[in-house]
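Geometric and topological summary
So you can see what is in the structure, the chains are spelled out below.
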Amino acid sequence: MKKYSLATAFAISFSFIACAQNTGKEKQNPRTLKISNKKQEKMDLSKITDTSVKQAIEALQTGDKSWYDFFTANPVMTDDGNTVNFKSFFSNALGKEMFLTIDRVENDGKDIYGNFKAGQWGTFPVFFKFHKNPEGKFDRLDIGQAH
């Protein structure tokens with residue numbers, strides 16, 4: 001049996017290690033490339049006919065704190081009929097939760113229905129019903145699961 005020197009053994013071991021390294025030139029899975037390179041498309045909000053609602057939803061979609069500017073200081077808010085604190089609710093949701101689709105708009109553009117990504121709660125159909133005061137600010141927002 002032929003004995004190898006320590007230098008030869010090291011060279012053989014090193015060549016095995018070098019062969020296993022990723023040089024970054026290998027072909028990548030085209031399916032993975034499409035997913036990772038695809039930019040999130042801006043959702044079409046053209047169905048929303050009320051300008052204030054459309055601008056508020058745009059702020060919601062991007063997590064922009066200007067969302068709060070569309071509302072009175074202490075708007076009433078319900079979630080599935082239960083009164084909740086508007087500011088507390090959106091301090092957790094803004095920037096994390098958003099509409100994935102706008103499927104239907106009613107009530108002169110103030111009632112929005114669509115699929116919604118609700119963070120840890122998952123994705124499901126919802127409604128947002130905006131109520132305007134005489135000054136044009138929203139003084140109430142009713143949200144909930146749409147059936």
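As a starting point, this report considers the structure included with it.

1. Let's talk about helix α3 (residues 51-62)
For an α-helix, the turn length of 3.6 residues means that residues three or four places apart are oriented alike. With twelve residues, α3 should cover 16 Å at 1.5 Å per step; its first-to-last C-alpha distance of 17 Å lies within 8% of that length. Residues Ser-52, Val-53, Ala-56, Ile-57, Ala-59, Leu-60 and Gln-61 constitute the buried set of α3. In this structure, the buried side of α3 is in contact with α4 (86-93), β3 (97-99), β5 (111-118), β6 (123-132) and β7 (138-145). Structurally, the start of α3 carries an N-cap: the backbone nitrogen of Ser-52 is 3.0 Å from a side-chain oxygen of Asp-50. Two residues or fewer past α3, Gly-63 is found with a positive phi of approximately 75°.

2. Here's the deal with the nonpolar core
Leu-60, Trp-67, Phe-90, Phe-99, Phe-128, Phe-130 and Leu-141 are the most contacted members of the largest nonpolar core, which has 28 residues in total. Among the secondary structure elements, those contributing two or more residues to this core are α3, β1 (71-79), α4, β5, β6 and β7. No other element matches the five residues that α3 contributes to this core. Beyond its immediate stretch of four places on either side in the chain, Trp-67 contacts Ala-56, Ile-57, Ala-59, Leu-60, Phe-86, Phe-90, Leu-94, Phe-128, Phe-130 and Leu-141.

3. A short note on the packing of aromatic side chains
This model, assessed by the stated rule, comprises 16 aromatic pairs. Aromatic pair Trp-67 and Phe-90: ring centres 4.9 Å apart, planes at 55°, arrangement tilted. Here Phe-90 lies in helix α4 and Trp-67 lies in the loop between α3 and β1, a separation of 23 residues in the sequence. Overall, Phe-90 belongs to the buried group, its relative accessible area being 2%.

4. Some thoughts on unusual backbone geometry
Of note in this structure, Asn-107 is not a glycine but carries a positive phi near 55°. With relative accessibility at 41%, the residue Asn-107 sits in the partly exposed group. Positive phi, close to 55°, is recorded for Asp-108, a residue that is not glycine. Along the polypeptide, Asp-108 turns up in the loop between β4 (104-106) and β5.

Calculation rules
- Residues numbered from 1 in each chain as written.
- Predicted model: local features only at pLDDT ≥ 70, side-chain atom pairs only at ≥ 80, totals over all residues.
- Heavy atoms only, no water.
- Helix = DSSP H or I, 4+ residues; strand = E, 2+ residues; numbered from the N terminus.
- Expected span 1.5 Å × (residues − 1).
- Buried < 20%, exposed > 50% of the residue type's maximum accessible area, 1.4 Å probe, protein only.
- Contact = heavy atoms within 4.5 Å.
- Polar contact = N/O pair within 3.5 Å; in protein donor to acceptor, adjacent residues only side chain to side chain.
- Core = buried A, V, L, I, M, F, W, Y, C linked by side-chain atoms within 4.5 Å.
- Phe/Tyr/Trp six-rings, centres within 6.5 Å; stacked < 30°, edge-to-face > 60°.

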